[in-house]
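These are the residues of each chain, in order.
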Amino acid sequence: MKHIRITVRPDLDRAPAFLETLLDSPAVSEARAIDWNRGDAELSTHLYAIAGDAATVAERAEATTGVESVVLSSTGQRVSYALLELRDAAVPIFGGSAEAIDRPGLVVRRPLVYRDGRIEGHIVGDPDVLQATIDETPDTVAVQVDAIKQFPSARVNPETTLSERQQEALDVALDLGYYDNPRAATHEDIAAELGCAPNTATEHLQKGEAKLVRSGMDVFDSTL
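Note that the structure is predicted; figures quoted are calculated from it, not measured. (Residues numbered from 1 in each chain as written. Predicted model: local features only at pLDDT ≥ 70, side-chain atom pairs only at ≥ 80, totals over all residues. Heavy atoms only, no water.)

Quick notes on the overall build of the protein
Within the protein one finds seven helices and eight strands. Looking at the protein residue by residue over its 224 residues, the buried ones come to 41%. Taking as baseline every contact in the protein between residues at least 6 positions apart, the subset at least 24 positions apart corresponds to 66%. When the accessible surface of the protein is summed, it comes to about 12100 Å², and 49% of that surface belongs to carbon and sulfur atoms. (Helix = DSSP H or I, 4+ residues; strand = E, 2+ residues; numbered from the N terminus. Buried < 20%, exposed > 50% of the residue type's maximum accessible area, 1.4 Å probe, protein only. Contact = heavy atoms within 4.5 Å. Areas by Shrake-Rupley, 256 points an atom, 1.4 Å probe, with all protein chains shown as cover.)

As for helix H5 (residues 164-176)
Think of an α-helix as 3.6 residues a turn; residues three or four steps apart then line up on the same face. Along its 13 residues, H5 runs 18 Å from first to last C-alpha, staying within 8% of the 18 Å computed at 1.5 Å per residue. Residues of H5 that are buried: Gln-166, Ala-169, Leu-170, Val-172 and Ala-173. Buried residues along H5 cover an arc of 160° about the axis, so they all sit on one side. Exposed positions of H5 whose direction lies more than 90 degrees from the buried face are Glu-164, Leu-174 and Asp-175. Two residues or fewer past H5, Gly-177 is found with a positive phi of approximately 90°. (Expected span 1.5 Å × (residues − 1). Arc of directions from axis to C-beta.)

Overview of the side chain of Glu-30
Note on placement: Glu-30 falls in strand S2 (residues 28-37). With relative accessibility at 19%, the residue Glu-30 sits in the buried group. Within the structure, Glu-30 has its side chain in polar contact with the side chain of Arg-115 (distance 2.9 Å). Here Glu-30 is in contact with Ala-49, Ile-50, Ala-51, Val-113, Tyr-114 and Arg-115, once residues within four sequence places are set aside. (Polar contact = N/O pair within 3.5 Å; in protein donor to acceptor, adjacent residues only side chain to side chain.)

Remarks on unusual backbone geometry
In the segment running from Arg-110 into Pro-111, the intervening peptide bond is cis, with an omega of 0°. For Asp-116, which is not glycine, the phi dihedral falls at a positive 55°. Take Asp-116: it is sitting in the loop between strand S6 (106-115) and strand S7 (118-125).

Side note on the pairing of strand S1 (residues 2-10)
Here S1 lies mainly inside the structure; seven of its nine residues are buried. Note that S1 and S7 share seven bridges and pair antiparallel. Across the sheet, residue His-3 finds its bridge partner in S7, namely Val-124. Pairing of S1 with strand S8 (residues 141-150), which is carried by nine bridges, proceeds in the antiparallel orientation. By the bridge assignment, Val-8 is partnered in S8 with Val-143. (Pairing = 2+ DSSP bridges.)

Topic: the nonpolar core
One finds Phe-18, Leu-19, Leu-22, Tyr-48, Ile-50, Phe-94 and Tyr-114 to be the most contacted residues of the largest nonpolar core, which totals 35 residues. The contact partners of Leu-19, leaving out residues within four places of it in the chain, are Ile-93, Phe-94 and Tyr-114. Grouped together as the second largest cluster of nonpolar side chains are 13 residues, Leu-162, Val-172, Tyr-178 and Cys-196 included. (Core = buried A, V, L, I, M, F, W, Y, C linked by side-chain atoms within 4.5 Å.)

What about the environment of Ile-148?
Here Ile-148 lies in strand S8. Overall, Ile-148 belongs to the partly exposed group, its relative accessible area being 43%. When the C-alpha atoms of Ile-148 and Arg-5 are compared, they prove to be 6.5 Å apart, with 143 residues separating the residues in sequence. In this structure Ile-148 touches Lys-2, His-3, Ile-4 and Pro-127, once residues within four positions along its chain are discounted.

Describing the packing of aromatic side chains
For the structure shown, the criterion picks out two aromatic pairs. Ring plane angle 85° and centroid distance 5.6 Å describe the contact between Tyr-48 and Tyr-114, whose orientation is recorded as edge-to-face. Placement of Tyr-48 in strand S3 (residues 43-52) and of Tyr-114 in strand S6 is noted, with a sequence separation of 66 residues between them. Here the two residues Tyr-48 and Tyr-114 agree in accessibility, since each one is buried. Look at Tyr-178 and Tyr-179: their rings are 4.9 Å apart centre to centre, the planes differ by 80°, and that puts the pair in the edge-to-face class. (Phe/Tyr/Trp six-rings, centres within 6.5 Å; stacked < 30°, edge-to-face > 60°.)

Here is the structure:
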């Protein structure tokens, strides 16, 4: 089983205005396709997280033929959420791509990241199936395979590098509210739950956090 990192570059001249805004507008620093559902033969539903001018994205989506509905969260926050329902046949850059990749042997890992005119994503499956998928994608998108690695791996799944004690310390910290703002727990509280000294709890947390942060920063590194 392989983990494949891909970059998709839609033809923005032929893309819907709202997609162009997500990908190439200075008003949107980044967007993420958090999840989607093709439960209907004609309709698909897409959930986006948008860092930037989500109101303009929603406005342009509503004006796009084939977009049936747009529900937008509060735009007063740094990140807003938009739920789009669209007819795949009327928006072929979505329908054609979804149809090409919706096949046995491949799983798209969420989220997909939209920025700088491109979509970056990860797929798990058979590289030969992916190549056949790329061959069938519509000519409105260009797909590039950036890297292929074995799955699972420590870079792809950072939790596989955590020791049992580090995982336990992070779980306890989350449960106690250590990562809440403001913090609801201290290292002493975590140590009491773990049955160890505070310095030991601190060490488990720092090592576990370092692994997760490095992995998070490496998600779109060229070496996967």
